[in-house]
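What follows is the residue order along each chain.
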Amino acid sequence: MTTTSTRPAPSHVVIDPGILYFGTPVALLSTVAGDGRVNLAPMSSVFWLGRTAVLGLGARSQTALNLLATREVVVNLPSTAEVDAVDRLALTTGRDPVPDRKASVGYRYEPDKFARAGLTPVASDTVAPPRAAQCPVAVEARLVHAHPLGRDDAARAGSLVAFEVRVTRVHVHESIRMPGTAHRVDPDRWRPLLMSFQRFYGLGPEVHPSRLATIDEDWYR
């Protein structure tokens, strides 16, 4: 028989937060514009479905414009060790001139985002945008579909787009590969950088064994 705790549950209260970032991995998206200029942009609206990633972006961002123009991207995943590099990209944009909405809160144009972050661009295998060498994970991908999400508050965020991208290659540092395996990441060694309500966090130790972890990863392919 299954038993449940008799501890009283706390009551919920209704709130209306400006953002809903309850805790998601940070990514650095590298893209190339139609004229060959490279952009590198931090974001934390990404999730994974098999070999597909879904990236949530503002439609007017330089990253979105580059994705629509060239249909290629690298999703670089920093660890907690790269948090300073990520933060150096805050309030920078690849758009010139800077859009009024961003300029009003302090954004400035940065033509070389890799140099600004202190990261090293290295050539990718299957797409034109470079990888960030210091990030422990770099996922090359190509755009499959762009799904407009309509408009939020136009004065605050404008139109949003969910970009569905197909993974073409995955690179990881040897330091996070699970010993004795060819294609598995060791979750005890991989410490992704997380963002929760615009603040940076990292993972703590495993809190409970997962029954899903008993399934071989090849089952999901």
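Scoring rules and cut-offs
- Residues numbered from 1 in each chain as written.
- Predicted model: local features only at pLDDT ≥ 70, side-chain atom pairs only at ≥ 80, totals over all residues.
- Heavy atoms only, no water.
- UniProt positions renumbered as here; feature names shortened; annotations may be inferred.
- Salt bridge = Lys/Arg side-chain N within 4 Å of Asp/Glu carboxyl O.
- Helix = DSSP H or I, 4+ residues; strand = E, 2+ residues; numbered from the N terminus.
- Buried < 20%, exposed > 50% of the residue type's maximum accessible area, 1.4 Å probe, protein only.
- 1 Å grid on protein atoms, 1.4 Å probe; cavity = no way out; pocket = protein on both sides within 12 Å on 5 of 7 lines; lining within 4 Å.
- Points joined across faces, edges and corners; volume = space filled by probe spheres on them.
- Nonpolar A, V, L, I, M, F, W, Y, C, P; charged D, E, K, R; others polar.
- Pairing = 2+ DSSP bridges.
- Phe/Tyr/Trp six-rings, centres within 6.5 Å; stacked < 30°, edge-to-face > 60°.
- Lys NZ or Arg CZ within 6 Å of the ring centre and 35° of its normal.
- Core = buried A, V, L, I, M, F, W, Y, C linked by side-chain atoms within 4.5 Å.
- Contact = heavy atoms within 4.5 Å.
- pLDDT = per-residue confidence, 0-100.

As recorded in an unreviewed UniProt entry, the chain goes by the name Flavin reductase like domain-containing protein, listed as coming from Cellulosimicrobium cellulans F16. Taken verbatim from the UniProt record of the chain, the Sequence similarities (unreviewed entry) comment is "Belongs to the flavoredoxin family." Within the UniProt record for the chain, the comment given under Cofactor (unreviewed entry) is "FMN".

K.L.:
Outline the pattern of salt bridges, listing residues and values.
P.N.:
One pass over the structure, following the stated rule, counts six salt bridges. Linking Arg142 and Glu72 is a salt bridge whose minimum nitrogen-to-oxygen distance equals 3.6 Å. Of this pair, Arg142 sits in strand S11 (residues 137-151) while Glu72 sits in strand S6 (residues 72-77), placing them 70 residues apart in sequence. Residue classification places Arg142 among the partly exposed positions, given a relative accessible area of 36%. Judged by relative accessible area, which is 17%, Glu72 ranks as buried. Two residues, Glu140 and Arg131, come together in a salt bridge whose shortest N-O distance is 3.9 Å.

K.L.:
Could you give me a rundown of empty space enclosed by the protein, with the residues and numbers involved?
P.N.:
A full pass over the atoms with the stated rule returns one cavity of 30 Å³ or more. Put simply, the largest cavity is a space of about 90 Å³. As for the largest cavity, its lining consists of Ala33, Arg37, Val38, Asn39, Gln62, Asn66, Gly94, Tyr109, Glu110 and Pro111. Among the secondary structure elements, those contributing two or more residues to the lining of the largest cavity are strand S3 (38-43) and helix H1 (62-70). Among the residues making up the lining of the largest cavity, the classes are represented as four nonpolar, four polar and two charged.

K.L.:
Please give an account of the pairing of S6 that cites residues and values.
P.N.:
Taking burial as the measure, the six residues of S6 include six buried ones, the bulk of the element. In terms of strand pairing, strand S2 (residues 27-32) meets S6 through three bridges, oriented antiparallel. In the sheet register, Leu29 faces S6, and the bridge partner there is Val75.

K.L.:
Lay out the sheet that holds strand S13 (residues 194-196) in plain terms, naming residues and giving numbers.
P.N.:
Strands in a sheet are paired, the pairing made by backbone hydrogen bonds, and the direction either parallel or antiparallel. With respect to topology, three strands assemble into an open sheet ordered S1-S13-S14, the strand pairing being antiparallel. Each edge of the open sheet is held by one strand with a lone partner, namely strand S1 (24-25) and strand S14 (199-201). Sheet analysis places S1 next to S13, joined by two bridges and oriented antiparallel. Directly across from Thr24, in S13, lies its bridge partner Met195.

K.L.:
Tell me about the packing of aromatic side chains, residues and numbers included.
P.N.:
Going through the model one piece at a time under the given rule, you end up with one aromatic pair. With 5.1 Å between their ring centres and 85° between their planes, Phe22 and Phe197 make a pair best called edge-to-face. In this pair, Phe22 sits in the segment before S1 while Phe197 sits in the loop between S13 and S14, placing the two residues 175 residues apart along the sequence. The class for Phe197 is partly exposed, based on a relative accessible area of 34%. The residue whose ring lies beneath Lys102 is Tyr107, and the NZ or CZ to ring-centre distance is 5.0 Å.

K.L.:
Account for the nonpolar core, naming residues and giving values.
P.N.:
Core analysis: the biggest nonpolar cluster contains 22 residues, and Leu29, Leu55 and Phe163 have the highest contact counts within it. Of all the elements in the fold, those that place two or more residues in this core are S2, strand S5 (52-58), H1, S6, S11 and strand S12 (159-172). Once residues within four sequence positions are removed from consideration, Phe163 is found in contact with Ala53, Val54, Leu55, Leu57, Ala64, Leu67, Leu68, Leu143, His145 and Ala146.

K.L.:
Break down unusual backbone geometry for me, citing the residues and quoting the values.
P.N.:
Residues Asp96 and Pro97 are joined by a peptide bond in cis, for which omega reads 5°. In this fold, Pro97 is placed in the loop between strand S7 (92-93) and helix H3 (100-103). One non-glycine residue, Leu91, adopts positive backbone phi at about 60°.

K.L.:
An account of the confidence of the model for the chain is needed here, citing residue identities and associated values.
P.N.:
Confidence along the chain averages 89 in pLDDT terms, with 87% of residues attaining 70 or more. In this model residues 152-157 is a low-confidence stretch, pLDDT under 50, and it forms ten contacts with partners more than four residues away in sequence or in other chains.

K.L.:
Any details on the environment of Thr80? Residues and values, ideally.
P.N.:
Within the element layout of this structure, Thr80 appears in the loop between S6 and helix H2 (83-88). Judged by relative accessible area, Thr80 falls into the partly exposed class, the value being 34%. Considering only alpha carbons, one finds Thr80 and Val26, 54 residues apart in sequence, at a separation of 9.7 Å. Apart from the residues lying within four places of it in its own chain, the contact partners of Thr80 are Arg191, Pro192, Leu193, Tyr201 and Gly202.

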